[in-house]
Amino acid sequence: MSKKTETNQNYSNNNNDFQESVNQSFDETKDNIKKSIDESRKQIPRINDSVNSYQEQSLQTAKEISEQYLDSQKEVVNSLQSAWRPYNEIYTGLVTNYYSPNAAVNAYTRFVSNVADNTVSAIRLSNNVIFSTLDAWKPLLQQAKDVSRHISNTGVNTARVFEQNSRQLAAEVKDAAAASSNVNASTNTTTKSTNH
């Protein structure tokens with residue numbers, strides 16, 4: 001076997017070994033990514049439970065706050081009404097309907113009800129903002145996936161162009177070497193012919 005054939009075969013074997021090593025490395029990386037994603041998927045129920053628990057807890061807290069506030073305001077109104085009753089009896093003839101304790105109690109009760117409703121609405125609004133923010137991530141993740149695919153394709157295309165250019169350059173170098181050999185061979189033949 002000639003030295004050149006042996007060198008080419010060694011180069012080819014080394015190139016195949018390298019290619020197998022690269023392919024194995026990428027396959028292992030893909031497997032690791034798949035394992036990581038599977039691990040993350042396993043966490044989804046726990047995350048969903050946490051979000052549901054948070055939502056239930058915030059609604060329960062809103063209910064308790066509203067109930068406590070309403071109960072305390074009910075006691076305030078009862079205390080005010082009790083304190084006002086003797087004065088009302090004394091000044092009944094002097095006080096108009098606009099300034100009656102019932103009108104004040106009704107106005108205050110509406111105020112308390114509005115505060116409780118606004119508290120519940122604010123908590124509901126904050127929950128909606130949280131969940132709409134979570135929904136906003138979905139298109140962002142899709143876009144990241146698309147951009148990643150585009151970047152990967154750009155890298156593959158660049159490698160292919162490099163490969164084609166390298167092959168073309170190697171072919172041109174080989175052709176130039178062959179042409180140079182032919183010129184040298186014809187020059188040697190011409191020189192030998194003239195020497196005889």
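Refer to the structure above for everything that follows.
Residues numbered from 1 in each chain as written. Predicted model: local features only at pLDDT ≥ 70, side-chain atom pairs only at ≥ 80, totals over all residues. Heavy atoms only, no water.

> Please set out the overall build of the protein residue by residue, giving values where relevant.
For the protein, the count of helices and strands is two helices and zero strands. Within the span of the protein, comprising 196 residues, buried residues form 6% of the whole. Total accessible area computed for the protein in this model is approximately 16700 Å², and 56% of it derives from carbon and sulfur atoms. (Helix = DSSP H or I, 4+ residues; strand = E, 2+ residues; numbered from the N terminus. Buried < 20%, exposed > 50% of the residue type's maximum accessible area, 1.4 Å probe, protein only. Areas by Shrake-Rupley, 256 points an atom, 1.4 Å probe, with all protein chains shown as cover.)

> Talk me through the pattern of salt bridges; I want residue IDs and the actual numbers.
Following the criterion strictly, the structure yields five salt bridges and no others. Measuring nitrogen to oxygen at the nearest pair gives 3.3 Å for the salt bridge that ties K34 to D38. Note that K34 and D38 are positioned in helix α1 (residues 3-91) at a spacing of four residues, about one turn of the helix. Judged by its relative accessible area of 51%, K34 is exposed. The partner of E67 in a salt bridge is K63, with the nearest N and O atoms 4.0 Å apart. Of this pair, E67 and K63 both sit in helix α1, four residues apart, which is roughly one turn of that helix. Judged by its relative accessible area of 44%, K63 falls in the partly exposed class. (Salt bridge = Lys/Arg side-chain N within 4 Å of Asp/Glu carboxyl O.)

> Which residues make up the side chain of Q73, and what are the values?
With respect to the secondary-structure elements, Q73 resides in helix α1. With residues up to four places along the chain from it excluded, the contact list for Q73 reads Y108 and V112. (Contact = heavy atoms within 4.5 Å.)

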